[in-house]
Structure formats: structure tokens, C-alpha cells
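Below, each chain spelled out in residue letters.
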Amino acid sequence: MRILAIESSCDETAAAIVEDGIKIVSSVVASSKDMHEKYGGIVPEVAAREQLRCIIPTIDEALKDSHNNYQSIDSLAITIGPGLIGSLLVGVETAKTMAMVTKKPIIPVNHVFAHMYANFIDGKKIQFPAISLVVSGGHTELFLMTSPKDLQWLGGTLDDAAGEAFDKTARLLGFGSRGGVAIQENAVKGDLDFKLPRPLMHDGSLNFSFSGLKTAILREWKKHTSNVKQLHTSNIIYKKLIGAFAWEVQEAITDVLVAKTLNAARRYNAKSILLSGGVAANLCLRNKFMMPASPAVRHNSKFMIHVPEVRLCTDNAVYIASYAYFRGKPVDWHEISAVPDLSVEI
Ligand code: KG4
Ligand code: ZN
């Protein structure tokens, strides 16, 4: 079964064709990230306008890449939320129009649930029950998965998402809107005289909180840069400080994510752990779960750890199609609408 999926919930516009939920036939992602650089964050109107401009060429390219036309597509899938209303509307209205014209079935998709299905690509055999951590720019959620169809929400962030903590820190350290990747690339172990808090790490709950961490970073950054702020950013002391801050922030965030996920896995006797979402692209996080020498693996070798390819962690339409195949239900296109605050608590 071939599904053509469309994703436009944030600043990416993506289309993909996936066969039987596991085989990528084509995948195209356009991003307006660079256009937001001068504003210091995503401007929803700019994102939506850009998506309006590139959604048709993106879909065309996905179809062309696959040497296909609409005839070979069995179903459409579309992200209906959560996300930015203007961005979602572009994808949703385009997909509804396609469903009306082509008379293909259309499957509405929850973007956050869909992230975890990036782990199903290439037919990876996942043993259940599995604990699934979805960690992105807007979400940090833990789910129990007892089959590809059965999901139960276990906990999530009480305030900011982990990705947001990465993004805010990146901006503070002078990396603009490059976000978590910039933190990862610049992190160098240093000898800072403080340790950032690991919020809620040992509270026994499966919830997260990252807003206090953000405040702590800001406080320490101000303290440590007050005497070097006259210096140019190329200054070696300043550079080292940036590297050390990036390192410590990355350690703090990933320590919490690993501890909470392992806690959930033990509690629910999980056989597997699935990571997904943009922050799952983070090498430090991946290593903490995957490296044979890491404490997480040494003490928890009974869990099979699954992590999607880096390109499938950040927003794309491949996992939208995969989710639609494994868990989606077609509905009449008249009944589909964008839901910016679509809940993830099931
Ligand atoms: O899943 P995603 O592409 O979009 C949302 O659904 O939000 O996730 C974007 C988030 C951003 O916060 C970005 O900074 C973060 O994923 N991210 C990373 C890395 N790559 C992307 N965070 C840490 N390390 C990375 N390598
Ligand atoms: Zn996402």
C-alpha cells in the first residue's frame, strides 16, 4: 500500500511516499528556517506564506522522484496538528483538495504520535511493550506502546520542551536559530565551577520540566560573561566558555531524558525503547542510550534501543505516512480540519 503524506505543522513543508509503512519511495523536505534568522525565532506568518509558495512544488517533486503519478497512490495522509495554525492550514487544505479531486482516501495524522513511527522504517522488528520518548521542539512525551496500534500517554513536559531549552540556549550563546545542532557541534567539555540542575530527574514521576533549567542557564551565563563581555566573540576565553556551556546544557538535558525513559522502561517491563523527534538527532543523547560503555546501556542491556536515522528524526513526511499505515484511519475529507492544539494525551 502506497501512502502519499504531507507535513506542514511548523516551518518545514514536506511530502513523502512510503510503501507498507516501511519503505521510503520518496521524501522531500523544504524549510524556511533561514528566513526566520533575522527575527530570532520562527515567525508563523512568514512560515505559512513560504509554505503556500512551496507546497505544490514539494508534492510534485515527491511524486516525480518516485516516477509516480497519483494513480499509483493508494491513500493520502495529512498532519492535522498539533502545530501552527497558518502552517497546518496550508497542508490540510491542499490535502483535502487532492482527496476531493483524486477521490483517494485521506488519513488525518497527529504529528507527535507520528514521530515515533520513524522507528518502523525499513521494517525494523520492534518488540513490545516498548517505551517511546518523543522529544522535539514543542514536545517531550513518554508513551507506552503495546503494539503498533496501541499507545498510552505516560507523561510529558509540564512547561517547556527539551528542544525549546536547546533552542533558547543556542540563541543565548550566539548561534541564532541553529538550535540543538549548534549546541551539539560546539559542545566541548570545560571546567565550569557549577553544575546545571537536572529538573525532576529523581522525582519518580514520568513528567519533565525544562523552564527552570533555561532560567539557570541564563543566570549562569550572565554571571560568567559579565567580566568577558567586552571581549570579541573570537576571543579564546569566550569561545571556551561557549563550548563549556553548550556541553553542560547538553549533559543536563540528556541526563534527564535518559533517566526518565529508563525509569518508564523499568516500570512497564519494556522490551524496547524508541527514541524520536528532532532532539533524538542529538549524538550525545543517542550515545548515552547506545554506546556499550554508557551507564544507561551497561545497567539496562535488556532493552533494545531503537533510534531513527538522523534525517528521519527532524520533521519530514516519511513518518507521517508510516503512522498512517500502522495506526491511521481514513475519514471523509469534509471532516478533516487543522487542530493546532491537538492533544497527545491518550
Ligand atoms: O521534530 P522537530 O524537527 O520539530 C518539532 O516537531 O518540533 O524538532 C525540532 C527540534 C528543535 O528544537 C531543534 O533544536 C532540535 O529538534 N534538534 C536538536 C538536534 N537536531 C534538532 N537538538 C539537539 N541536538 C540535535 N542534533
Ligand atoms: Zn516534529
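Here, every reference points to the structure presented above.
Cut-offs used in this document
- Residues numbered from 1 in each chain as written.
- Chains lettered and ligands numbered in written order.
- Predicted model: local features only at pLDDT ≥ 70, side-chain atom pairs only at ≥ 80, totals over all residues.
- Heavy atoms only, no water.
- Pairing = 2+ DSSP bridges.
- Helix = DSSP H or I, 4+ residues; strand = E, 2+ residues; numbered from the N terminus.
- Axes fitted to C-alpha atoms, helices over the stretch in contact; angles between N-to-C directions.
- Donors = N, O, S within 2.8 Å, 3.2 Å for Na, K, Ca; no water.
- Buried < 20%, exposed > 50% of the residue type's maximum accessible area, 1.4 Å probe, protein only.
- Contact = heavy atoms within 4.5 Å.
- Core = buried A, V, L, I, M, F, W, Y, C linked by side-chain atoms within 4.5 Å.
- Salt bridge = Lys/Arg side-chain N within 4 Å of Asp/Glu carboxyl O.

Caption draft 1: The sheet that holds strand 6 (residues 130–135), seen in detail. On the basis of which strands lie adjacent, the open sheet formed by 5 strands has the order 8-7-6-9-10 and mixed pairing. Edge positions in the open sheet fall to strand 8 (151–156) and strand 10 (304–306), since each of these has one partner strand only. Sheet twist, expressed as the average angle between the axes of neighbouring strands with direction ignored, equals 20°. Of the pairings in the sheet, the one linking strand 6 to strand 9 (residues 272–276) comprises 5 bridges and is parallel in character. Within strand 9, the residue paired with Ala130 across the bridge is Ser272.

Caption draft 2: Layout of the coordination of the zinc ion (ligand 2). For the zinc ion (ligand 2), every protein donor is listed as His111 (NE2), His115 (NE2) and Asp315 (OD), and the spread of their distances is 2.0 to 2.1 Å. As a motif over one chain, the donors of the zinc ion (ligand 2) read H-x3-H-x199-D. Of this pair, His111 sits in helix 3 (residues 111–115) while Asp315 sits in the loop between helix 10 (310–313) and helix 11 (318–327), and the two are 204 residues apart along the sequence. Using a relative accessible area of 16% as the deciding quantity, one classes Asp315 as buried.

Caption draft 3: Just the side chain of Lys96, in detail. Note on placement: Lys96 falls in helix 2 (residues 85–102). Ignoring sequence-local partners within four residues, the contact set of Lys96 consists of Ile106, Trp333 and Ile336.

Caption draft 4: Expanded view of the environment of Lys103. Counting through the fold element by element, Lys103 comes out in the loop between helix 2 and strand 5 (106–110). Look at Lys103 and you get exposed, because its relative accessible area is 70%. Measuring from C-alpha to C-alpha, the distance between Lys103 and Leu76 comes to 9.9 Å, with 27 residues separating the pair along the chain.

Caption draft 5: Representation of the nonpolar core within the structure. If you look at the biggest cluster of nonpolar residues, it comprises 50 residues, and the most contacted ones within it are Phe210, Ile253 and Leu257. Mapped onto this core, the elements with two or more residues apiece are strand 6, strand 7 (140–145), helix 4 (162–172), helix 5 (179–186), helix 6 (211–225), helix 7 (236–267), strand 9 and helix 8 (283–290). Per-element accounting of this core gives the leading share, 14 residues, to helix 7. Phe210 has contacts with Thr140, Thr157, Asp159, Asp160, Ala161, Ala162, Ala165, Ile253, Val256 and Leu257, leaving out every residue within four places of it along the chain.

Caption draft 6: Representation of the pattern of salt bridges within the structure. Tallying each qualifying case throughout the model produces 14 salt bridges. Close ionic contact of Glu50 with Arg53 constitutes a salt bridge, the shortest N to O distance being 2.5 Å. Here Glu50 and its partner Arg53 are both found in helix 1 (residues 44–65), 3 residues apart, which amounts to about one turn of the helix. With relative accessibility at 15%, the residue Glu50 sits in the buried group. The partner of Glu164 in a salt bridge is Lys168, and the shortest N-O contact between them spans 3.0 Å. With Glu164 and Lys168 both in helix 4 and 4 residues apart, the pair spans about one turn of that helix. On the basis of relative accessibility, which here comes to 35%, the residue Lys168 falls in the partly exposed class.

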